[in-house]
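# A structural walkthrough
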Amino acid sequence: PPSQSTLTGQVQLAVKLQDPPLVVAVGANAKQNGITMTAAQQRAYVAQLKQKQDSVMAQIRALGGVELGRVSKAHNALMVSIDARQLGALHGIGGVVAVRPVSDYTVSFTPPPPPTPQPDLATTLAYVGGVAAQNLGYKGQGVRIAMLDTGIDYTHYNLGGSGNVADYLLAKAAAAGTPPASLFPTGKVIGGYDFTGEVWPNGPLAPDPNPLDLNGHGTLTADTAGGHSLDGIHFGAAPSAQLYAVKVCSSVSSSCSGVAMAEGVDFALDPTNSGTLNNAVDIISMSIGGSFGMREDDVSEMFTDVVNFGVVSVISAGNDGNIPY
């Protein structure tokens, strides 16, 4: 309740509205059983959500709030920045059913200290049953995975790129804009988007169409999930899968934006921007977390609905602990 809140100053909040998002409106297990709503009906439903979001956002602006982002397919919410003293007023707006803080998380490359052994892909792939699945012929054929991470180096040899440093530098030069058409998308990394930009959190979120990885972590997770070099020697768990590079983490730090994560999940449900769920990915991978779990938030709620719809979601529960892998 607003009266019990300890938030002060300018805060980032998710304002959830009462109408169910599109992923709930189409019904449980619709991805597997078939979406009965036509494409036109889905677009009309999203348009109705937008109209109501616009009305609520106008009232939030009157309270001094600034819109940071919004989602309507995987969740029905506005992400805003506003003075915490306006919490009560936000709860009083018609159609608002919840107001919660937007949490930022972390992605880390830091290995455990020695003498802890570092498991490599060959070890972990067998540990999770991946080798057995591959031996049965299951290598991700026809599967599309949205990698919510620091982006992907789509010029990498294992991910459908040339592997040439010059190509990476060309893509990097366009990091804040449109990626070179000759380099992106590839047969492996078939699409994506950058929801953070190149300066956040040292500046505002500045989304752009180039999801190039400037950190390394997203390329590692992409290679682990679906990498496959052209010579066939090295491959990840599902070497025949195709990937979407959904950049929700910073280019300059280990921070991952809660706003960008919410937008990234929405993107995964409609990566071709069709206005429908007809092209939703099969799997969402998000190796982002903290120490042994976290509080319930809007992104957590989104994943509940996304899984009920039928998209497999593989989400880390934190990088710390005394159990293997």
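For the structure given in this document, a descriptive report is provided here. Fair warning: this is a prediction, and the values are worked out from it, not measured in the lab. (Residues numbered from 1 in each chain as written. Predicted model: local features only at pLDDT ≥ 70, side-chain atom pairs only at ≥ 80, totals over all residues. Heavy atoms only, no water.)

### Quick look at the sheet that holds strand β4 (residues 96-101)
Heads up, the rule is: A pair of strands counts as paired when DSSP detects no fewer than two bridges linking them. Labels follow the DSSP assignment, with helices taken as runs of H or I lasting at least four residues and strands as runs of E lasting at least two, numbered in each case from the N terminus. Note on method: axes are straight lines fitted to C-alpha atoms, helices fitted across the in-contact stretch only, with angles between N-to-C directions ranging 0 to 180 degrees. Between two residues, a contact is recorded if the distance between any of their heavy atoms is within 4.5 Å.
In spatial order, the strands read β2-β3-β1-β4; together these four strands make up an open sheet with antiparallel pairing. With one partner strand each, in any of the chains shown, β2 (66-71) and β4 form the two edges of the open sheet. Between one strand axis and the next, the sheet turns through 25° on average, direction left out of account. In this structure, strand β1 (residues 10-17) lies alongside β4, joined through five bridges in antiparallel fashion. If you follow K16 over to β4, its bridge partner there is A98. Most of the contacts of helix α9 (residues 258-269) go to β2, to which it runs at about 30°, and overall it touches β2 and β3 (77-83).

### Things to note about unusual backbone geometry
A cis amide bond, omega 5°, links F184 with the succeeding residue P185. Turning to its location among the elements, P185 is positioned in the loop between α7 (165-173) and β7 (189-194). In this model, W200 is joined to P201 through a cis peptide bond whose omega is 10°. Along the chain, P201 turns up in the loop between β7 and α8 (217-226). Phi is positive for N29, which is not a glycine, with a value near 60°. Of note, N273 is a non-glycine position whose phi angle comes to about 55°, a positive value. Tracing the backbone through its elements, the reader meets N273 in the loop between α9 and β10 (283-286).

### What to know about the packing of α9 against helix α10 (residues 298-309)
We count it as follows: The cut-offs work like this: below 35 degrees is roughly parallel, past 145 is roughly antiparallel, 65 to 115 is roughly perpendicular, and the gaps in between are oblique. Two helices cross in a left-handed way if the nearer one is turned anticlockwise from the farther one by less than a right angle. They cross in a right-handed way if the turn is clockwise. For this classification, the nonpolar set comprises Ala, Val, Leu, Ile, Met, Phe, Trp, Tyr, Cys and Pro, the charged set comprises Asp, Glu, Lys and Arg, and every other residue, Gly included, is treated as polar.
Where α9 meets α10, the closest approach of the two axes is 10 Å, and the angle between their N-to-C directions is 10°. As summarised for this structure, α9 and α10 are arranged roughly parallel, according to the angle between their axes. Seen along the crossing, α9 lies across α10 with a hand that is left-handed. Here α9 contributes G258, M261, A262, V265, D266 and L269 to the contact with α10, which in turn contributes V299, M302, F303, V306 and F309. Looking at side-chain class alone, the contact of α9 with α10 contains nine nonpolar, one polar and one charged residues.

### Observations concerning the environment of S81
Operational definition: Buried residues are those whose accessible area, probed at 1.4 Å on protein chains only, stays under 20% of the maximum for their type, while exposed residues exceed 50% and partly exposed ones sit between those limits. Definition of a polar contact: a pair of N or O atoms within 3.5 Å, with one able to donate and the other able to accept a hydrogen when the atoms are protein atoms, and with sequence-neighbouring residues admitted only if both atoms are side-chain atoms.
Within the secondary structure layout, S81 lies in strand β3. The exposure class of S81 is buried, given its relative accessible area of 16%. Residues S81 and Q12, 69 residues apart in the sequence, show an inter-C-alpha distance of 4.5 Å. Separated by 3.2 Å, the side chains of S81 and Q10 make a polar contact.

### Let's talk about the nonpolar core
Here is the rule: Nonpolar core, defined: a set of buried Ala, Val, Leu, Ile, Met, Phe, Trp, Tyr and Cys residues in which side-chain atoms within 4.5 Å join the residues together.
Grouped together as the largest cluster of nonpolar side chains are 44 residues, with contacts concentrated most on L269, I284 and F309. Elements with a minimum of two residues in this core: α1 (22-25), α3 (39-62), β3, β6 (144-149), β8 (242-247), α9, β10 and α10. Not counting chain neighbours up to four residues away, the residues in contact with L269 comprise V23, K73, A74, T276, L277, N279, A280, V306, F309 and V311.

### Some remarks on the pairing of β6
Most of β6 is tucked away: six of the six residues are buried. Pairing analysis gives six bridges linking β6 to β8, with the strands arranged parallel. Bridge pairing in β8 places D149 opposite K247. For β6 and β10, the ladder comprises four bridges, and the chain directions are parallel. Each bridged residue has a counterpart across the sheet, and for A146 the counterpart in β10 is I284.

### Considering the sheet that holds β8
Sheets are built from strands paired through backbone hydrogen bonds, the pairs being either parallel or antiparallel. Pairing within the open sheet is parallel, and its five strands lie in the order β7-β8-β6-β10-β11. The outermost strands of the open sheet, each flanked by one partner alone, are β7 and β11 (312-315). Going across the sheet, the axis of each strand differs from the next one's by a mean of 15°, ignoring polarity. Bridge count for β7 against β8 is five bridges, and the pairing is parallel.

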